[in-house]
Amino acid sequence: MVFTAGIHGDEFEGPAALWRLAEALDPSQLRGTLLLVPIANASAFAAGMRTSPVDNENLARIFPGNAEGTLSHRLADALMRTVVEKADILIDSHSGGVRLAFVPVAGFYEGGDVSAAVTARSLQIAKQMGIEYLWQLPPVNGVLSYEAARRGIAVCGAEIGGRGNCLPEDAENYLGAYLSVLAHQGMIDPAHKRAETTACLEGDWQTTPDAGYLETVVSLGSRVGKGETVAVLHDALGQTIREFPAGFDGRVMAVRHLNSVQSGDLAICVVKETIR
Ligand SMILES: [Zn+2]
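All residue numbers refer to positions counted from 1 along the written sequence of the respective chain. Residue-level local features of this predicted model are given only where pLDDT is at least 70; pairs of side-chain atoms are given and counted only at 80 or more, and the full residue set underlies all totals for whole chains, interfaces and linings. To obtain the side-chain values, all non-hydrogen atoms of the structure were included, while hydrogens and water were left out.

**Student:** Tell me about the sheet that holds strand 11 (residues 229-234), and please be specific about residues and values.
**Tutor:** Whenever strands of a sheet pair, they do so through backbone hydrogen bonds, lying parallel or antiparallel. Taken in spatial order, the four strands line up as 12-11-9-14 in an open sheet, and their pairing is antiparallel. Pairing within the sheet leaves two strands with one partner each, and these edge strands are strand 12 (240-245) and strand 14 (260-261). Looking at chain direction, strand 11 and strand 12 are connected through five bridges and run antiparallel. Bridge pairing in strand 12 links Ala231 to Phe244. Should DSSP find at least two bridges between two strands, the strands are taken to pair. Only runs of H or I of at least four residues qualify as helices and only runs of E of at least two qualify as strands under DSSP, and these elements are numbered from the N terminus.

Structure, rendered in structure tokens:
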């Protein structure tokens, strides 16, 4: 089993939890092989940035990488070939970084290039994390978890927290989730199992066509009704450019934390709730 975190250098919940996991485990009691990569993207982490300052690449869009490319492409190639492709299970932990905040979600892929067998196994692992919600991830080429799933590896791509910091409870949530999956998979003491998650969020975010100052007017995790204003975009003089209403009754899965937005940035993320 492989755990990766720090693919984005401004997300600290996964790294903090993996450091604690390494301290919590006794290798002599571990069944199977565990590889932990707490900070996958050292140059982005050193700069506190989502992307690498060396080549401005987003590591989460360029897997499986290229051994002849720039630093980030070579890093992606090395991670894929020497770590991830050896795994039966990959858990890739993210957060909202400096710009966003997420409710806790354990993501899985369904359909597309991902086989039914890998989907079933990935959903099982996402449930075993035991965090608040499951989330059907959008299939995006170049994302580590998606590229691993296409290669037959069972994956969970998770999001907890953000805001450019690491709340202790968010790191604890990830740590409990890691221990739970290890226990469910028979690798450590079954006492660490959490109850499996069944609440599922389905949907994607809506981007802003314009730059400006984005004010989110509902709280993270809250339920909103169809047509309810979720965020308001202002210009540099504070005038309202547009409002972003919920397209349906749903839950606010992520919010913008950094108020300044560019065209194409996340504006609102209202998703539907189901049970899996
Ligand atoms: Zn990320």
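**Student:** Describe the packing of aromatic side chains, naming the residues involved and giving the relevant values.
**Tutor:** Note on ring pairs: Phe, Tyr and Trp rings are taken, using the six-membered ring of Trp, and paired if centres are within 6.5 Å. Classes follow the plane angle, with under 30 degrees stacked, over 60 edge-to-face and the rest tilted. Taken as a whole and assessed by the stated rule, the structure comprises five aromatic pairs. Judged by centre distance (6.3 Å) and plane angle (40°), the rings of Trp135 and Trp205 are tilted. In this pair, Trp135 is assigned in strand 5 (residues 133-136) and Trp205 in the loop between strand 7 (199-202) and strand 8 (206-207), connecting sequence segments 70 residues apart. A simple rule labels every residue: compare its accessible area, found with a 1.4 Å probe on the protein chains alone, to the largest value its type can have, and call it buried under 20%, exposed over 50%, or partly exposed in between. A relative accessible area of 2% places Trp135 in the buried class. Taking the centre distance of 5.5 Å and the plane angle of 20° together, the rings of Tyr174 and Tyr178 count as stacked. Placement of both Tyr174 and Tyr178 in helix 6 (residues 168-184) is noted, with a separation of four residues, approximately one turn of the helix.

**Student:** Explain helix 6 to me, and be specific about the residues and the numbers.
**Tutor:** In a regular helix each residue adds 1.5 Å, so 17 residues correspond to 24 Å; helix 6 covers 24 Å between its end C-alpha atoms and thus fits that length. Downstream of helix 6 by one or two residues, Gly186 has phi in the positive range, about 80°. To estimate how far a helix should extend, the number of its residues minus one is multiplied by 1.5 Å.

**Student:** Mind laying out the pattern of salt bridges, listing which residues take part and the relevant values?
**Tutor:** Pairing between side chains of opposite charge can happen when their charged atoms approach one another. Definition used for salt bridges: Asp or Glu carboxyl oxygen within 4 Å of a side-chain nitrogen of Lys or Arg. Following the criterion strictly, the structure yields 13 salt bridges and no others. In this structure, the salt-bridge partner of Glu147 is Arg150, at a minimum N-O distance of 3.1 Å. One end of the pair, Glu147, and the other, Arg150, are both in helix 5 (residues 144-150), three residues apart, so they sit about a helical turn from each other. Under the relative-accessibility criterion, Arg150 is labelled partly exposed at 33%. Under the relative-accessibility criterion, Glu147 is labelled buried at 5%.

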